[in-house]
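Residue-level structure breakdown
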Amino acid sequence: MADRAEALVGLWGVGGKPTGEKDPYALRRAALALIAAFAAVGSARAAASAPFQLGLRALLVTAAATFAPGVLAPDTVEQVETFVYERYANQLAALPAYEGSVVQAVIAQRPPLHEVVKRLDAVLAFRRLDEADALAAANKRVGNILRKSAADSTPRAVDAALLREQGEIALHGALAAVQPRAEARYASGDYAAALKELAALRAPVDAFFDSVMVNAEDPALRANRLALLAGLHAAMNRVADLSKLAA
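Residues numbered from 1 in each chain as written. Predicted model: local features only at pLDDT ≥ 70, side-chain atom pairs only at ≥ 80, totals over all residues. Heavy atoms only, no water.

Counting 70 residues, the largest nonpolar core has L8, L201 and L232 as its most contacted members. Ranked by the residues each element gives to this core, the list is headed by helix α4 (residues 76-93), at eight residues. (Core = buried A, V, L, I, M, F, W, Y, C linked by side-chain atoms within 4.5 Å. Buried < 20%, exposed > 50% of the residue type's maximum accessible area, 1.4 Å probe, protein only. Helix = DSSP H or I, 4+ residues; strand = E, 2+ residues; numbered from the N terminus.)

Counted under the stated rule, the structure contains four aromatic pairs. Ring geometry for W12 against F83: centres 5.0 Å apart, planes inclined by 50 degrees, an arrangement best described as tilted. In this pair, W12 sits in helix α1 (residues 2-13) while F83 sits in helix α4, placing the two residues 71 residues apart along the sequence. The exposure class assigned to F83 is buried, which follows from its relative accessible area of 9%. (Phe/Tyr/Trp six-rings, centres within 6.5 Å; stacked < 30°, edge-to-face > 60°.)

To continue, consider the pattern of salt bridges. Under the criterion given, the structure shown has eleven salt bridges. The partner of E81 in a salt bridge is R110, with the nearest N and O atoms 3.2 Å apart. With E81 in helix α4 and R110 in the loop between α5 (100-107) and α6 (116-127), this residue pair connects regions lying 29 residues apart in the sequence. Taking relative accessible area as the criterion, E81 reaches 9% and is therefore assigned buried. Exposure remark for R110: the relative accessible area of 35% places this residue in the partly exposed category. Each member of the salt-bridge network shares a partner with another, and the members are R57, E78, E81 and R110. (Salt bridge = Lys/Arg side-chain N within 4 Å of Asp/Glu carboxyl O.)

See below:
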């Protein structure tokens, strides 16, 4: 792993990155070898009930630090990290078991490399739920709303006293009930169960969008509703970016 990381960072940082069909230093192969190493070590640690803590970014940062200042091009670590995840996405998308949208949903969150396959399987299980399509579409809608409202001042937490409509009250209550259960499943590594917990949010999410105007004229109400959606968005995207599953 150290050898692959040093080769990727060092050669990329001095101008040896692949271009088109040309890859004179076999960095594409080095990236796949690094991915395989993460998967192998992660599996071995899991079998020994010893969590694997090393992340790709930390490894690349450590590799970059072995070079003298000014040797590597700026943003080398970020570019190599993106490159490795792109190689992994291309590799997985070529497998019959994983369609492109499922791969993109997982890779978009840049999870630990040794957890990617586990998360893919969890997303596949989620896709089979009756609520999956509606929640994926809602997640995409929420993401779009939050991006368009980035300039608004959004509070860190929802103020329950500012919840006026039944739809927002119900969603707030449902999220408060579901989120701790989903988070507990996520913390234990049971990603399929974490996603399954989200299925209970379908009805309140649908009701919210049917009856609540997010962009209320009152700035305080608008900011509070955006905070509620931000919390929903964060809870739904812990395992994968579910918006990538939307048709």
